[in-house]
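# Structural features, examined
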Amino acid sequence: MKIRIVAVGKLKEKYLREGVAEYEKRLAPFASVELLETREEYMAENPSEAQRQQTLAKEGERLLRLVPERSFLIVLDVKGKLLSSEALAKELASLALQGQSDLTFLIGGAFGLSPAVRDRADLRISFSPMTFTHQMVRLLLYEQIYRAFKINRGEKYHW
Ligand SMILES: C[S@@+](CC[C@H](N)C(=O)[O-])C[C@H]1O[C@@H](n2cnc3c(N)ncnc32)[C@H](O)[C@@H]1O
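Nothing here was measured: the structure is a model prediction, and the numbers come from that model. (Residues numbered from 1 in each chain as written. Predicted model: local features only at pLDDT ≥ 70, side-chain atom pairs only at ≥ 80, totals over all residues. Heavy atoms only, no water.)

Scanning the protein chain for helices and strands turns up five helices and five strands. Expected size for 159 residues packed as a compact globule is a radius of gyration near 15 Å; at 16 Å, the protein chain falls within 12% of this value. Expressed as lengths along the three principal axes of its C-alpha atoms, the size of the protein chain is roughly 50 × 35 × 25 Å. Within the protein chain, the proportion of its 159 residues that are buried is 44%. Taking all contacts inside the protein chain whose residues are at least 6 apart in sequence as the whole, residues at least 24 apart take part in 85%. Carbon and sulfur atoms make up 53% of the accessible area of the protein chain, which totals about 8900 Å². With 25 positive and 21 negative side-chain charges, the protein chain shows a spacing of 3 Å between the two charge centroids. (Helix = DSSP H or I, 4+ residues; strand = E, 2+ residues; numbered from the N terminus. Rg over C-alpha atoms; globule rule 2.2 N^0.38 Å. Buried < 20%, exposed > 50% of the residue type's maximum accessible area, 1.4 Å probe, protein only. Contact = heavy atoms within 4.5 Å. Areas by Shrake-Rupley, 256 points an atom, 1.4 Å probe, with all protein chains shown as cover. Lys, Arg positive; Asp, Glu negative; His and termini not counted. Charge placed at Lys NZ, Arg CZ, Asp CG, Glu CD.)

Now the structure itself:
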């Protein structure tokens, strides 16, 4: 299965870059994971609601351009469906069984997700009702994808 992660901006912290690099390496035998980064939109310091929505819409358009039409899109959303790691693993296995060979995960930017991104989503998932930085979510996502493969293969790792 081809897996793509679409996200805003480059990882700024070294510890996050190292974490992601480690999980990319671990995932390599199971799946090809492509990371596509868009540039971060500038947001005024105290934006009006209209400015915020406009910036989010622009960011959303840029992100969605990187998602092929045929790709099953899973959007990371604080207000999405709360899934256990086992449930995510099951979802990935079920998509593979259905012949869905292209999967995209999308992480919003610092200010969240545009309505267009939420509308395009085939599934919106939440890691927790708590909000994390979009940069941290990237590392969590790599780890959860890796965990899902280990669960589906019945291999040791998932305690
Ligand atoms: C700083 S958060 C945006 C917060 C914004 N107030 C919102 O509610 O969308 C940046 C991005 O990280 C991801 N994110 C943050 N916390 C998350 C969580 N608990 N579960 C899933 N995704 C999360 C989402 O993609 C979100 O758009």
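Next comes the rest of the account.
When the UniProt feature table is mapped onto this chain numbering, "binding site: S-adenosyl-L-methionine" (unreviewed entry) sits at Leu 76, Gly 108, Phe 127, Ser 128, Pro 129, Met 130, Thr 131 and Phe 132. With respect to the helices, strands and loops of the structure, Gly 108 is situated in the loop between β4 (102-107) and α4 (115-120). On the basis of relative accessibility, which here comes to 9%, the residue Gly 108 falls in the buried class. If we skip the residues at most four places from it in the chain, Gly 108 touches Val 8, Leu 113 and His 134. As for its placement among the helices and strands, Ser 128 is situated in the loop between β5 (123-126) and α5 (134-152). Those residues in contact with Ser 128 that sit more than four places away from it in its chain are Val 78 and Leu 82. (UniProt positions renumbered as here; feature names shortened; annotations may be inferred.)

What follows concerns the pattern of salt bridges. Here the structure, examined in full by the defined rule, presents 19 salt bridges. Between Arg 153 and Glu 155 there is a salt bridge, with the nearest N and O atoms lying 3.0 Å from each other. When its relative accessible area of 47% is taken as the criterion, Arg 153 is described as partly exposed. Classification of Glu 155 by relative accessible area gives partly exposed; the value is 26%. One continuous salt-bridge network, built from bridges that share partners, spans Lys 2, Arg 4, Glu 34, Arg 70 and Asp 102. (Salt bridge = Lys/Arg side-chain N within 4 Å of Asp/Glu carboxyl O.)

Around the ligand, 19 residues are found, and the nearest of them are Leu 76, Gly 108, Phe 127, Ser 128 and Met 130. With respect to the ligand, the backbone of Leu 76 contributes an N or O atom lying 2.6 Å from an oxygen atom. Coverage of the ligand by the protein amounts to 86% of the 560 Å² it exposes when considered alone. Among the elements of the structure, β3 (72-82), β5 and α5 are those that each provide at least two residues to the shell around the ligand. Across the shell around the ligand, the residue classes tally to ten nonpolar, seven polar and two charged. (Near = heavy atom within 4 Å. Polar contact = N/O pair within 3.5 Å; in protein donor to acceptor, adjacent residues only side chain to side chain. Nonpolar A, V, L, I, M, F, W, Y, C, P; charged D, E, K, R; others polar.)

Turning to the side chain of Ser 126, a few remarks are in order. The residue Ser 126 is located in strand β5 in this model. On the basis of relative accessible area, Ser 126 is assigned to the buried category, the value being 2%. From its side chain, Ser 126 meets the backbone oxygen of Ser 128 in a polar contact 2.9 Å long. The residues contacting Ser 126, other than those within four sequence positions of it, are Asp 77, Val 78, Gly 80, Lys 81, Leu 82 and Leu 83.

Now for a nonpolar patch on the surface. A contiguous nonpolar surface patch, about 490 Å² in accessible area, is contributed by Tyr 15, Met 130, Phe 132, Met 136 and Leu 140. With respect to the helices, strands and loops of the structure, Met 136 is situated in helix α5. (Patch = residues over 30% accessible without salt bridge, like charges linked within 9 Å, V, L, I, M, F, W, Y side chains within 5 Å.)

Of the residues in the protein chain, 99% have a pLDDT of 70 or more, and the chain-wide mean is 95. Scoring of the predicted complex yields 0.96 for pTM and 0.97 for ipTM. (pLDDT = per-residue confidence, 0-100.)

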